[in-house]
Amino acid sequence: MIFNFDGIVLGVAAFLAIGIFHPIVILSEYHFGARCWWAFAVLGVLFAGLSMLVAHTILSASLGVIAFSCFWSIYELFEQEKRVKKGWFPENPNKKRKS
């Protein structure tokens, strides 16, 4: 019997991408606010493009997972800004916020 581990590998890649992007979003909002959304958009497009150029299925899919983690991070940046305003996360005292 031959086992196919592709699904497990992609699951781990998705798990790691989500786990890594969570603190990146929090730190990005803390230091730059939601105005850095464009960086996530650029990275998302870059990783999506790389995903289409790579022939290896698992690597291509992993790059796609990272691309859409970047895109989802744009939404989460604005949500994180709301969470900070509610007091759920610390506000950077050195950063001026729009009222």
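As the structure is a computational prediction, the values presented were derived from the model and not from experiment.

**Comments concerning the overall build of the protein**
In step 1: A tally of regular secondary structure across the protein gives three helices and zero strands.
In step 2: Going residue by residue from the N terminus, the α and β elements of the protein occur as α-α-α.
In step 3: Against the globule reference of 13 Å for 99 residues, the protein gives a C-alpha radius of gyration of 16 Å, more extended than a compact globule.
In step 4: Each of the three principal axes of the protein carries a C-alpha extent, and together these read 60 × 25 × 15 Å.

**Some thoughts on the confidence of the model for the protein**
In step 1: Averaged over the protein, the pLDDT score is 94; the fraction of residues at 70 or greater is 96%.
In step 2: Taken element by element, the protein is modelled with least confidence in helix α1 (residues 6–32), mean pLDDT 95, and with most confidence in helix α2 (residues 37–53), mean pLDDT 98.

Scoring rules and cut-offs
Residues numbered from 1 in each chain as written. Predicted model: local features only at pLDDT ≥ 70, side-chain atom pairs only at ≥ 80, totals over all residues. Heavy atoms only, no water. Helix = DSSP H or I, 4+ residues; strand = E, 2+ residues; numbered from the N terminus. Rg over C-alpha atoms; globule rule 2.2 N^0.38 Å. pLDDT = per-residue confidence, 0-100.

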